[in-house]
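The residues making up each chain are set out below.
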Amino acid sequence: MTGSINHKTGLIFFPAFDWAISPTHPEREERLLYTRDQIFEEGIMDLPQVVEYTPSLASIHDIARVHFCVPQVEEQITEAHLIAAGAGILLADEVISGRIKNGFSVVRPPGHHAMRVVHGNRGFCNINNEAIMVDYLRCRHGVKRVAIIDTDAHHGDGTQDIFWHDPDVLFVSFHQDGRTIFPGTGFTYELGGPGAFARTVNIPLLPGTTDESLHYILDNLILPVLNDFKPEFIINSAGQDNHYTDPLGSMKITAQGYARLTEKLCPDVAVLEGGYAIETALPHVNMAIILALAGLDYSGVREPDYWPGRFKETPERKEAVRRMVDELMGYWKNRDNYKPDSRDIKDDFYLREKEIFYDTEYFVENQVEKLRLCTNCQGYLTIESNVDHIYGSKSSVLCISIPFAACSKCREEATNLYVGQKKTKKYRYIYLQDKSEDTFVGYDTNNNKDWHS
Amino acid sequence: MYVGIDVGGTFTDAVLLDNDHVLATAKVPTRDGEELLISILEALDSVLSGVDTKLLKRVVFSTTIITNFITSYKYNDVALLLIPGPGLIYNYFDFGARTCILSGAVDYRGREIINLKEEEIKTVLSELAAEGFKKVGVVGKFSPRNTMHEKKVAAMIKDRYPQWHVELGSRIGVQLNFPRRVHTTYLTCATREPYCRFINSVRQALVKRKIYADIYILKADGGTMPLDISEELPVETIFSGPAASTLGVQALIPPKETAVVVDVGGTTTDLALILSGRPLLAAKGARVANRLTQVRALAVKSVPVGGDSVLKCSGINIKILPERLGPAYCMGGPVPTPTDALRVLGFTSLGDGERAREAMDLLGKALGMVPEEVARKVIDLVVDKITAEVQNMFLEWEQEPAYRVWEILHKHKVRPAMVVGVGGGAAGFISMIAMRLGCRSLIPRYAAVANAIGAAVAKPTLQVSLRVDTEKGYYIVQEEGYQGSLKSKKFNEQNALDLAREWLVERAGKYGVKIVPAEIEIIHQETFNMIRGWVTTGRLFDITMQTPRGIIENIGPREVVK
């Protein structure tokens, strides 16, 4: 944000030392232990450039503004999720009010694999901390344009899904090539819905990519795109599993690479995502990001086994990266001339079918997404979602989402659809998420009961 | 019987307690330097006349001497040898001393990642010797996790300059905060000599009066330590004065009360909180003379406003300046003060009433207000300032960072039920502060010597911090500077607790502190399983145990003066 009156960096450090997915899971109590040790030992919290906040809890309402949790929000989250989401909201509030210049939410659990519809945990995520922050900013502070830069080694497929049709949210993700890592998506041809073409930009990188290529992409693609898009608020999904020591990722990014990345991006709020080299990467990378955000000298932050020049980019990879950047810049430049394929359009609705794999709990969700093609607004969205759990239970739900700046016709149609479908008994649960009015309701067909969040 | 003696900058106070009875109190002026002994003797004699000193169980001292020494410390005779390794560039911290940076590094697990360079150390040492330094603090980043580097440097110093006074950071700053460890070590170096002078005066005084009771000194956190240990850690005694007042109030109010302690002095008002009967500890170490230390202290806040603060009229506003030009106008001072306002409104009978009105007139003339109006305005200002700070303290306490889910969920709002006044200027303001906060007000009978009472009732405390890394197979007892190896990798949480308890009992034996094993409390406990590649490869335990802080007797308010 411009016009900040205070020049401090806000820090929320919430390691959730009493929360884990399972005792030996990478997302466990120990994850931020050594980061805590490093940050505390360096006296970061005492620096005049840093102010530490204690997180507050996000509300169920804040989550319902983004997600359709099946059956209800309360069933999909723990308190730790409310705290992690609440931390982002608190920092966003403080940045908007000008009390801090930027913020870093070093929290667990992460969120960028959580999609719009939530049946369970995917890629260690249940709810999407960044998306919750974005919709909070739009609802409470009237922010219009937001950019999310996802720098995790895994494709931020959840964030991509949530803002796929949203021309006001730019989602840029660089990550390890989906052919080699979870969740197997994030290719250059994934560019967003018909009304938001190229507002989703995916940069898949081959395993072994180094700082050099990363910064080439930053300088020649991400920064120019941001410069064109002119966001009012920039969020960094600061995953740290591109680090050369990460056990899940296979990239070669260093703490210094991350620090320079943060310095160039200048995010308003950075949110920790993945990163599971809990000893060899996290203490250094988190330090590097904090110092870069606070405008402090980070040149002394270095891994014990790193020396400048340790990782060199091959000429072939350099050339491949150059070609990809050119290809993506081409899409970006033509973003307003895009015409959707007529085979995807049926009766004024744009159709998309998706199969979503829940890796943590091992089941598949099938979705049919329909976007109302409207000339006056972004159009309302419906998602028919079916899940076959391996243990035999089935659930079929209908989710209806009305965007922030919906026209009255779309609102009316969507509301009528909700009321009408309640009678058909076709779905177990039906949801109506009206962002324009900030009201979120649901209906349980089995007991004919409505609820609102 | 217990004796409590508070050696303040201006007065030395003493009390003699027999269980919950205050048998005698004394207040004598504190003399400087060599004459300090005389003040301590005067105070002792006054409370012990006709008492058989063999009946004394314990004498506890509290003092502001070290705080005062630090704030007026102008020498430059301490050098720092730092081993910061990679990370934050050290020059963000101005340690205000001759600082030498040595190569070498240890990480968060205590692994050596960069070796020391002997030649470099030799060169630095001869430089310092040439410059005439004899006091040196050696501090490494993560040194509490591995004391090897600090010890090696210390050994090299001892070899070459055996007469130097050397302090190691790992002994003094056991928590994880390198810059604070450096400051705390620096202050330890700087205060060792004057502190020794102080405790020598104390020892002499007690020998002269044939007192052979256990001698303790109050710490900033309201615990006490045996006089002999305190010699190693003089900085722990900073702010023992305010800690003494707070413990005194704790003893003088009903148990389990939530109260604000308001100590109104000449130019400052000290605020402290007692939550459900227990004084609140500050979340972070104490700040002294602009140095952030690792010294655990009670949460005491100083507001720059007191009975003798200078009042000034600027435009249509009255301002309180954070300075003192002398006593109140009604006591013959040069300028109007809040005390004069109290006198005009009849809240105190100090000084000359006519001069007090004159003082208010001086202020109010330009505003066209009568003395009573001006006085009310002044009192309002003072009360506003103090109540705002009280509310801030509660807010800050609520907003202290927490790192576990349950801590966040269990944060709750607490507001005080009682405002307790101690200190000379308290009388006039307390009831109004209480009214503004919606509380009862109380000035206990022994308010004037609350600090000495606090010292007398403080329980002896000892603490042990244990760090165990079963994967690396070692443990460290921070307070003892001991690093040992584990016999077995199958070392569990119970073993860790037992080990900490053993060390605490042994430490207590060493210093003659009697402890009841059942009373030992765990104030910090962390266990982390280390999992590498889906297999548990070790455990990390961090345990801090202590004998409970607290007071031995509750005296109660007695005749309550409102």
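Residues numbered from 1 in each chain as written. Chains lettered and ligands numbered in written order. Predicted model: local features only at pLDDT ≥ 70, side-chain atom pairs only at ≥ 80, totals over all residues.

The next subject is the overall build of chain B. Across its full length, chain B carries 15 helices and 27 strands. Taking 2.2 N^0.38 as the reference for a compact globule, 562 residues should give roughly 24 Å; the C-alpha atoms of chain B span a radius of gyration of 26 Å, in line with that estimate. Principal-axis analysis of the C-alpha atoms gives chain B an extent of 75 × 55 × 50 Å. Counting only residues that meet the buried cut, chain B has 47% of its 562 residues in that class. If you take every contact in chain B between residues at least 6 apart in sequence, the share linking residues at least 24 apart comes to 64%. (Helix = DSSP H or I, 4+ residues; strand = E, 2+ residues; numbered from the N terminus. Rg over C-alpha atoms; globule rule 2.2 N^0.38 Å. Buried ≥ 20, exposed ≤ 12 C-beta atoms within 10 Å, placed from the backbone. Contact = placed C-beta atoms within 7 Å.)

As a further point, take the overall build of chain A. Each helix and strand counted, chain A has 11 helices and 18 strands in total. Its C-alpha atoms give chain A a radius of gyration of 21 Å, near enough to 22 Å, the size a compact globule of 453 residues would have. Here the C-alpha coordinates of chain A stretch approximately 65 × 50 × 45 Å along the principal axes. Here chain A, with 453 residues, has 54% of them falling under the buried criterion. In chain A, the share of contacts with a sequence separation of at least 24, taken over all contacts with a separation of at least 6, comes to 71%.

Attention shifts here to the domain arrangement of chain B. Where the parts come together, the accessible area they lose is often given as the size of the interface. Segmenting chain B into domains produces domain 1 (303-413) and domain 2 (463-546). Its C-alpha centre places domain 1 of chain B at a distance of 49 Å from the equivalent point of domain 2 of chain B. (Domains from an automatic or database assignment.)

Residues and elements named next belong to chain A. Taken together, eight strands build an open sheet; the order of strands is E11-E12-E13-E14-E15-E16-E17-E18 and the sheet is mixed. Of all strands in the sheet, those with a lone pairing partner are strand E11 (345-346) and strand E18 (449-452), marking the two edges. Relative to strand E15 (residues 394-402), strand E14 (residues 381-388) runs antiparallel, the two sharing eight bridges. Considered in E15, the bridge of Leu 381 is made with Ser 401. In the packing of helix H11 (residues 408-424) onto the sheet, contacts are made with strand E13 (363-372), E14, E15, strand E16 (429-434) and strand E17 (439-444), and the angle to E15 comes to roughly 155 degrees. (Pairing = 2+ DSSP bridges. Axes fitted to C-alpha atoms, helices over the stretch in contact; angles between N-to-C directions.)

In a beta sheet, neighbouring strands are held together by backbone hydrogen bonds and run either parallel or antiparallel to one another. Residue and element names in this part refer to chain B. Strand order in this open sheet of five strands is E25-E24-E23-E27-E26, and the pairing throughout is antiparallel. Edge positions in the sheet fall to strand E25 (482-485) and strand E26 (521-532), since each has one partner strand and no second. In this sheet, adjacent strand axes meet at a mean angle of 15 degrees when their direction is disregarded. Taken together, the 11 bridges between E26 and strand E27 (residues 535-546) define a ladder with antiparallel strand orientation. Each residue of the ladder has a partner; that of Glu 521, found in E27, is Gln 546. Against the sheet, helix H15 (residues 493-511) touches strand E23 (463-469), strand E24 (474-477), E26 and E27, its axis set at about 145 degrees to E23.

With 37 residues of chain A in contact, the opposing surface of chain B contributes 31 residues. Elements supplying a minimum of two residues to the side of chain A that touches chain B: strand E1 (9-14), helix H1 (33-41), helix H4 (79-96) and helix H9 (282-293) of chain A. Counting residues per element, the side of chain A that touches chain B draws most heavily on H1(A), at six residues. Its residues assigned to classes, the side of chain A that touches chain B shows 20 nonpolar, five polar and 12 charged. (Nonpolar A, V, L, I, M, F, W, Y, C, P; charged D, E, K, R; others polar.)

Residues and elements named next belong to chain B. Running from N to C, helix H1 (residues 36-48) and helix H6 (residues 178-208) point in directions that differ by 45 degrees, and their axes come no closer than 9 Å. Comparing their axes, H6 and H1 come out oblique. H6 is crossed by H1, and the crossing has right-handed handedness. Note on element contacts: H6 touches H1 through Phe 198, Ser 201, Val 202, Gln 204, Ala 205 and Lys 208, opposite Leu 36, Leu 37, Ile 40, Leu 41 and Leu 44. Of the residues contributing to the contact of H1 with H6, the split by class is eight nonpolar, two polar and one charged. (Parallel < 35°, antiparallel > 145°, perpendicular 65-115°, else oblique. Left-handed = near helix turned anticlockwise from the far one by under 90°.)

Attention now goes to unusual backbone geometry. All names here are of chain A. For the bond from Val 70 to Pro 71, the omega torsion is -5 degrees, close enough to zero to count as cis. Mapping Pro 71 onto the fold places it in the loop between strand E3 (68-69) and helix H3 (73-76). In this model, Lys 230 sits at a positive phi of 55 degrees, which is unusual for a non-glycine residue. Within the secondary structure, Lys 230 sits in the loop between helix H7 (211-229) and strand E9 (233-238). Its 9 C-beta neighbours within 10 Å are what place Lys 230 among the exposed residues.

The next point concerns the domain arrangement of chain A. Residue and element names in this part refer to chain A. When the domains of chain A are assigned, the result is domain 1 (9-335) and domain 2 (342-452). Here the C-alpha centre of domain 2 lies 28 Å away from the C-alpha centre of domain 1. Between domain 1 and domain 2, the residue contacts involve 26 residues of the former and 27 residues of the latter. Broken down by secondary-structure element, the contributors of at least two residues to the side of domain 1 that touches domain 2 are helix H2 (60-64) and helix H5 (129-141). The element best represented in the side of domain 1 that touches domain 2 is H5, accounting for three residues. Class assignment for the residues of the side of domain 1 that touches domain 2 results in 11 nonpolar, nine polar and six charged.

Residue and element names in this part refer to chain B. Counting buried positions along strand E11 (residues 214-218) gives four out of five residues, so the element sits mostly inside the fold. Sheet analysis places strand E4 (residues 58-63) next to E11, joined by four bridges and oriented parallel. Opposite Phe 61, over in E11, you have Ile 217 as the bridge partner. Relative to strand E12 (residues 224-226), E11 is paired through three bridges, and the arrangement is antiparallel. By the bridge assignment, Ile 217 is partnered in E12 with Met 225. Counting the residues that bridge the hairpin from E11 to E12 gives five residues, and of these Gly 222 lies at a positive phi of roughly 90 degrees.

The subject of this paragraph is the nonpolar core. Membership of the largest hydrophobic core comes to 140 residues, with the highest contact counts inside it found for Ile12(A), Ile63(A), Ile132(A), Ala288(A), Ile289(A) and Leu291(A). Split by domain, the residues of this core number at least three in each of domain 1 (9-335) and domain 2 (342-452) of chain A. Counting residues in hydrophobic clusters, the runner-up holds 136 residues, among them Cys189(B), Val422(B), Ala427(B) and Ile453(B). (Core = buried A, V, L, I, M, F, W, Y, C linked by C-beta atoms within 7 Å.)

Tracing the sequence through the fold places Cys100(B) in strand E6 (residues 98-101). With sequence-adjacent residues up to four places away left out, Cys100(B) is seen in contact with Ala79(B), Leu80(B), Leu81(B) and Val124(B).

Residue and element names in this part refer to chain A. Taking 1.5 Å of rise per residue, the 17 residues of H11 would be expected to cover 24 Å, and the 25 Å separating its terminal C-alpha atoms lies within 8% of that figure. Cys 410, Ala 414 and Tyr 418 are the residues of H11 that are buried. Around the axis of H11, the buried residues are gathered within 75 degrees of arc, so they sit on the same side. Of the exposed residues in H11, those oriented more than 90 degrees away from the buried face are Ser 408, Asn 416, Val 419, Gly 420 and Lys 423. Residues of H11 that are buried sit in contact with E13, E15 and E16. Positive backbone phi, approximately 60 degrees, marks Lys 425, located one or two places after H11. (Expected span 1.5 Å × (residues − 1). Arc of directions from axis to C-beta.)

As a further point, take helix H8 (residues 255-265) of chain A. All names here are of chain A. Across the 11 residues that make up H8, a large majority, eight, are buried. The set of residues buried in H8 consists of Ala 255, Gln 256, Gly 257, Tyr 258, Ala 259, Leu 261, Thr 262 and Leu 265. The elements touched by buried residues of H8 are strand E6 (146-150), H7, E9, strand E10 (269-272) and H9. With its phi angle positive at about 50 degrees, Cys 266 sits one or two positions after the end of H8.

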